[in-house]
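# Per-entry structural report
Residue strings, one per chain:
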Amino acid sequence: MTVLAQGLRDGGIVTWRNLLNVRRSADWLFAAVIQPIMFVLLFAYVFGGALGGTQYREFLIAGIFVQTISFNSAFTVIGLCNDLQKGIIDRFRSLPMSRLAVLMGRTVSDLVVSSIALVIMSLCGLLVGWRIRGSFLDAVLAYLLLLLFGFAMSWIGALIGLSAPSVEVAQSAGLMWLFPLSFISSAFVGAGTMPGPLRAIAEWNPFTAVIQSVRDLFGNEAPLGMAPSPGWPADNAVLYALLSSLVILAVFVPLSVAKYRKVASK
Amino acid sequence: MPTDVAVRAEALVKTFGSTRALDGIDLEIPTGTVLGLLGPNGAGKTTAVRILTTLLRPDSGRAWVAGYDVLAEPNKVRESIGLSGQYAAVDENLTGFENLYMVGRLYGMNKPDARKRADELITRFRLTDAAGRPAKTYSGGMRRRLDLAGALVAEPQVVLLDEPTTGLDPRGRLDTWEVIGELVSDGATVLLTTQYLEEADQLANTILVIDHGRVIASGSADELKSEVGGEKLEIVVADEADLDAAVRVLAEVGAGEPTTDRHSRRVQVVVDGGPKSLIEALRRLDVEGVTVLDVGLHRPTLDDVFLSLTGHVTEDSQ
C-alpha cells in the first residue's frame, strides 16, 4: 500500500472513531448545534438592533460562520490533547498505522462537525433574515471555502493540541488566539471603522478575506459605513482566502506531523 | 540476532535534561518466556518499554524486537508487538467491541477479520456482557482487561506490558495475572514492568531489578529472594516479660538472628519454611505460655530487595 493510500484508509478509521465520540458526548453536540444557534441569535439581535437591523444581520452572518468554523478548531486541540493524556496516542503510535492518520482523522471529523454547524447556522440565518442572493455555484463555492478555511485552522489546532502540557491549558490556548483574530477582522464591523494599525491588521487578516469572499459569493451587502476598505485583499478576497488557507495547511500539516512523531505523553 | 531471542537491547542510554533515565541497560528475552522488569517509580522501566515499542529513540545503544531493529525498521517492529501502557488506553466513548475492532482495523485487518477477532477477545477476556457498553461504564479491572485485549488483537509475537496492575484493586490484579498467565501458555514472549516483587514472582521467568536506569540484579524470583533472605515471620507479644521467651523460640524456628523492637513488643526472624515455620513457632510459643497478639508471615517486597542490594530502600518509601 502506498503511504497515501494507507494514510487515507487509517485516517478513515480514526475519523469513524472520532465521529462515534461526537455522537456520544454532549460537549460536541454543544459545538455543532447549540453554540452556532446561540452565536447567530445573540449577535443578530444584540448588535443587530443598534447597527442596522435586517441589513446588518445579513452582513453579520458571514462573520459568524467564519468565527464558528474557526472556533471549532479548539475541538481538534482538546481532542488531541485528551488522546495524548490518556495514552491513546501512545497506543496509536505503537500500531503499524500511518503517521498521518491520527491527525487526519481528527481534522476530518472536525470538518464533519463544522459542516453540521454550517447547516444549522444557515437555517438560523434564514430565520433572522439572511438570504443567499448569488448563484447556486457561488453559494457552493462559499461553503467550500468556509470548510477549507476551517480545515486549515484545525491543523493549527493540531499543533497546539500536541504541544499543550494539559487539557486545561489546551482548552484555553485553543480558543485564546482566536479571539483577537476573529474580532480584528470584518466579522462584526467593517475594517474601515477601526483605528489605523488595527485597520491594517483587519484588512490583511485572512479572516477578513474569507468573510469578504463569503459575503461576495452569497451576495450579502454591507450596511452603510461597513463596506470593505479598498485594496488588494478586498479586491481579491477569494484568491487571498484560498491562498491563506493553503499556506496555513502547507506550514501546519508538516509541523503537526513532525510533532506527532516525537510527542511523548506523560 | 539468534531466532530464539525475541527481544534484545544493548547498552540503551536515554537522558531527559539532566536525568539519566536509562544508563546502559542490556537485556535479552528468550522466545516464549517472560521477563519482569522490577523497579521503583522513576527507575527507567517505562523509558525502556517506550524505546522497545518505537515510541522513543534512545540516545545511544541498540535494540531488536522480533528480529527487527527498532531504529531501522520501526514499522516492522510495530507489526510484531502489542503494547499495553501504564494507563489503560481505551476510548471511553467507544464500546468494548468498538475499541478492539478499531485496533484490529489499524493493524491492517479487513472488516470481517477485525470483527471476528474482537468477538474472540471479548469472550476470552470475559467482557461479553459489557461488550456493547461504552468503556466509561467499565470498572478499573475491566478497562485493564480491555486494554490488554487491545494489545493482543494482532496475535503479536512480543507483548509489552507496562505496570499492568498498577491502580487495580486486589480482584482486578488477580484477574490480570490470570490473563497474563494464559498469554504465556499460548507461547507469547512477554516483557512486563512492575513495582511488586510478588507480581514478578508470579509471572516472570527471569527478573531484572533496575534502579536509576541500571540493572542492579537479575535472576529468577527464587534467586532474588534467597539473596534477600526469604520470608519474614513477625509476632507481637502481649506482655513485655514474654519477649525473651519469644526471641528464644523464633531463634530456634527461624533461619537467622531474630530482631526485636521492645517498644512495640515485636520480634522478627527470617524463615525458610513458610507457613510450616509459622505453625511451628505458634505451637512452641503456646507451649511456653506466651500470649501472642498478632502474627504474620511477610514475603519480601521490592523494598527488601532494594535494601539488601543497594543498602537503601526505594526512594518512594523514604
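Residues numbered from 1 in each chain as written. Chains lettered and ligands numbered in written order. Predicted model: local features only at pLDDT ≥ 70, side-chain atom pairs only at ≥ 80, totals over all residues.

### Brief notes about the overall build of chain B
Counting its regular elements, chain B contains 11 helices and 14 strands. C-alpha extents for chain B along the principal axes are approximately 75 × 45 × 35 Å. Taking all 318 residues of chain B together, 46% fall into the buried category. When contacts within chain B are restricted to residue pairs at least 6 apart in sequence, long-range pairs at least 24 apart make up 65% of them. (Helix = DSSP H or I, 4+ residues; strand = E, 2+ residues; numbered from the N terminus. Buried ≥ 20, exposed ≤ 12 C-beta atoms within 10 Å, placed from the backbone. Contact = placed C-beta atoms within 7 Å.)

### With respect to the pairing of strand β10 (residues 214-219) of chain B
Residue and element names in this part refer to chain B. Judged from the five bridges that link them, strand β9 (residues 206-211) and β10 form a sheet pairing that is antiparallel. Directly across from Leu-208, in β10, lies its bridge partner Ser-218. Connecting β9 to the next strand, β10, in antiparallel fashion are two residues, including His-212 with a positive phi near 45 degrees. (Pairing = 2+ DSSP bridges.)

### Some points on the packing of helix α8 (residues 136-163) of chain A against helix α12 (residues 206-218) of chain A
Residue and element names in this part refer to chain A. Two numbers describe how α8 lies on α12: the axes approach to 8 Å, and their chain directions differ by 165 degrees. When the axis of α8 is compared with that of α12, the two are roughly antiparallel. In this structure, the crossing between α8 and α12 has a hand that is left-handed. Contacts between α8 and α12 involve Asp-138, Ala-139, Leu-141, Ala-142, Leu-145, Leu-146 and Phe-149 from the first element and Val-210, Ser-213, Val-214, Leu-217 and Phe-218 from the second. Tallied by class, the residues present in the contact of α8 with α12 amount to 10 nonpolar, one polar and one charged. (Axes fitted to C-alpha atoms, helices over the stretch in contact; angles between N-to-C directions. Parallel < 35°, antiparallel > 145°, perpendicular 65-115°, else oblique. Left-handed = near helix turned anticlockwise from the far one by under 90°. Nonpolar A, V, L, I, M, F, W, Y, C, P; charged D, E, K, R; others polar.)

### Considerations on the environment of Leu246(A)
All names here are of chain A. With respect to the helices and strands, the residue Leu-246 is situated in helix α14 (residues 237-262). On the basis of neighbour count, Leu-246 is assigned to the exposed category, with 12 C-beta atoms found within 10 Å. Measuring from C-alpha to C-alpha, the distance between Leu-246 and Pro-228 comes to 23 Å, with 18 residues separating the pair along the chain.

### Overview of the domain arrangement of chain B
Per the domain assignment, the segments making up chain B are domain 1 (5-225) and domain 2 (230-299). The distance between the C-alpha centroids of domain 1 of chain B and domain 2 of chain B comes to 41 Å. (Domains from an automatic or database assignment.)

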